[in-house]
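Given next are the chains, with one letter for each unit.
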Amino acid sequence: MTIYADISSLTVLGWQPGFMQGLLAIDADVQTNLDHAQATPAKSLRLVRVTAVQRTGLQVAPALSSGMDKVPVSGKWFRGAEESRPTVGDWVLVDAQSGALQHILPRRSLVKRLSPSGGGLQLIAANVDAAFIVTSCNTDFSPARLERYLSVVLESGIEPVLILTKSDLTDDVVAYQDELHAQFKNIASFVVNALDEASVLPLLPWCAAGQTIALLGSSGVGKSTLVNTLSGHQVQLTQNTREEDDKGRHTTTNRSLHKLPQGGVILDSPGMRELQIAEAEEGVDLLFADVDELAQMCRFNDCAHQAEPGCAVQQAVTDGDLDPRRLESYGKLKVEESINRESVAQRHSRERQFGKKVKMASADKHRKKALED
Ligand SMILES: Nc1nc2c(ncn2[C@@H]2O[C@H](COP(=O)(O)OP(=O)(O)O)[C@@H](O)[C@H]2O)c(=O)[nH]1
Ligand SMILES: [Mg+2]
Ligand SMILES: [Zn+2]
């Protein structure tokens, strides 16, 4: 088995030397598998990155030698747990001839949420180094909403950057800046005019070669505008120029990856109406590490930080050292996260049992058939 990869053309797509280990592990597996299956003809694999997920398959880069950049994904990839499915930003091995997906490399990070269409997880982006969490200087700005995005991003070890767009449309830039610093003092944040190149210059340090940035935020906050301004030309449709249908649907219907002139790549995504977190317990704890630290000093181990005597958390609120809004948000996210995590786990276990039944039924059929023959 040969894996074909032109590392120089992958570097401009965000390839980092750290991914090599995962590739070699797969390579070893492939060799072993082949040794045990002498009948399988040797094939070659291409290493590519998923740049968009479409209903009919994956868009990948660089294109295969046949010029093909859309590759089919067989149904078997959608049968297992959501995390074993390909998503934007994944490094994958595809059959050099047919383009069929063969392996997904181990990910360095993964952004996921509870699927809005019920039950399971939805993968948003893989192998992300930094997340631009975008909101605007208007009613979209909500610390509680930002905390949801932050939990998901911190969970995966991705560096968060908070971006408030539309600074040119408000007289209160300083008030927004102060609020950001007060609520998120340990997180990089910027108030920008996304339409203005000079205004987005402070974001360039995150856009260097080898870096992959994910854009997260509601629809209409200026994510695609940021992609265009950072790119120096229009690569993404924004809502100004959108081919809007009569329901006023968003322009960016798919997640997609774009190369930036600074060398990095940026993942645009459609706006999210809601971000329900799941499997983000560590992210929530990291975001509220200060509250957790206070909680260690409560008199009772099982303190609910309501009206218990000797509650260090409530004391901090009384002393003005802890914003009661953050305490409330922490509690809410903890509960939501654990309920959603539980429901995802239950769904997975149901699916596993169903999978087993299908396998057993099919084995039964084969056994019967063998007896009949
Ligand atoms: N004045 C101004 N308009 C902006 C800014 N950022 C985005 N817009 C406009 O807001 C609308 C939505 O932007 P778009 O990039 O499509 O949002 P997306 O849904 O997050 O991708 C478009 O009309 C943009 O031109 C900004 O900083 N200032
Ligand atoms: Mg957009
Ligand atoms: Zn307490």
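Residues numbered from 1 in each chain as written. Chains lettered and ligands numbered in written order. Predicted model: local features only at pLDDT ≥ 70, side-chain atom pairs only at ≥ 80, totals over all residues. Heavy atoms only, no water.

Quick look at the overall build of the chain
Move 1: Secondary structure summary: the chain contains 9 helices and 14 strands in total.
Move 2: Looking at the chain residue by residue over its 373 residues, the buried ones come to 46%.
Move 3: Across the chain, every contact between residues at least 6 apart in sequence was considered, and the portion connecting residues at least 24 apart equals 66%. (Helix = DSSP H or I, 4+ residues; strand = E, 2+ residues; numbered from the N terminus. Buried < 20%, exposed > 50% of the residue type's maximum accessible area, 1.4 Å probe, protein only. Contact = heavy atoms within 4.5 Å.)

So, the packing of aromatic side chains
Move 1: Tallied over the entire structure, the rule returns 6 aromatic pairs.
Move 2: Between W15 and F19 the ring centres are 5.5 Å apart and the planes differ by 40 degrees, which places this aromatic pair in the tilted class. Each member of the pair, W15 as well as F19, carries the same accessibility label: buried.
Move 3: Ring centres of W15 and W91 lie 5.0 Å apart, and the angle between their planes is 90 degrees; on these two criteria the pair is classed as edge-to-face. Residue W15 is found in the loop between α1 (7-11) and α2 (20-36), and its partner W91 is found in strand β5 (residues 91-95); the two are separated by 76 residues along the sequence.
Move 4: Put simply, the rings of W15, F19 and W91 pair up and form one aromatic cluster. (Phe/Tyr/Trp six-rings, centres within 6.5 Å; stacked < 30°, edge-to-face > 60°.)

Considerations on the coordination of the zinc ion (ligand 3)
Move 1: Protein coordination of the zinc ion (ligand 3) is provided by C298 (SG), C303 (SG), H305 (ND1) and C311 (SG), with donor distances spanning 2.1 to 2.4 Å.
Move 2: For the zinc ion (ligand 3), the 4 donor atoms in the first shell make angles of 104 to 116 degrees at the metal, a pattern classed as tetrahedral. (Donors = N, O, S within 2.8 Å, 3.2 Å for Na, K, Ca; no water. Tetrahedral: all angles 85-135°; square planar, octahedral: opposite > 155°, others 65-115°.)

Some thoughts on unusual backbone geometry
Move 1: The step from A61 to P62 runs through a cis peptide bond, and the omega angle for that step is -10 degrees.
Move 2: Checked against the element boundaries, P62 lands in the loop between β3 (57-61) and β4 (70-71).
Move 3: You will see that K166, though not glycine, has its phi angle at about 65 degrees, which is positive.
Move 4: If you trace the backbone, K166 turns up in the loop between β10 (159-165) and α4 (173-183).
Move 5: Residue K166 is classed as partly exposed on the basis of its relative accessible area, which comes to 24%.
Move 6: Positive phi, normally seen in glycine, also occurs at H305, with a value near 55 degrees.
Move 7: Secondary-structure assignment places H305 in the loop between α7 (289-295) and α8 (312-318).

So, the confidence of the model for the chain
Move 1: Per-residue confidence for the chain gives a mean pLDDT of 86, with 88% of residues at or over 70.
Move 2: Averaged pLDDT values over the elements of the chain bottom out at 73 in α2 and peak at 98 in β10.
Move 3: Throughout residues 241-252 the model reports pLDDT below 50, and contacts reaching past four residues in sequence, or to other chains, amount to 21 contacts. (pLDDT = per-residue confidence, 0-100.)

A closer look at the side chain of T170
Move 1: Among the secondary structure elements, T170 is positioned in the loop between β10 and α4.
Move 2: Of the residues examined, T170 reaches a relative accessible area of 15% and is grouped as buried.
Move 3: Dropping the residues within four chain positions of it, T170 is found in contact with C137 and Y176.

Let's talk about the pairing of strand β13 (residues 256-259)
Move 1: Taken together, the 4 bridges between β13 and strand β14 (residues 265-268) define a ladder with antiparallel strand orientation. Bridging from a neighbouring strand, L257 pairs with L267 of β14. (Pairing = 2+ DSSP bridges.)

Quick look at the site of ligand 1
Move 1: Close to ligand 1 lie 19 residues, the nearest being D168, A194, G220, K223 and T225.
Move 2: A distance of 3.3 Å separates an oxygen atom of ligand 1 from a polar atom in the backbone of V221.
Move 3: In this structure, an oxygen atom belonging to ligand 1 sits 3.0 Å away from a main-chain N or O atom of G222.
Move 4: Considering ligand 1 on its own, with 580 Å² of exposed area, one finds that the protein chains cover 90% of that surface.
Move 5: In terms of residue class, the shell around ligand 1 is made up of 5 nonpolar, 11 polar and 3 charged. (Near = heavy atom within 4 Å. Polar contact = N/O pair within 3.5 Å; in protein donor to acceptor, adjacent residues only side chain to side chain. Areas by Shrake-Rupley, 256 points an atom, 1.4 Å probe, with all protein chains shown as cover. Nonpolar A, V, L, I, M, F, W, Y, C, P; charged D, E, K, R; others polar.)

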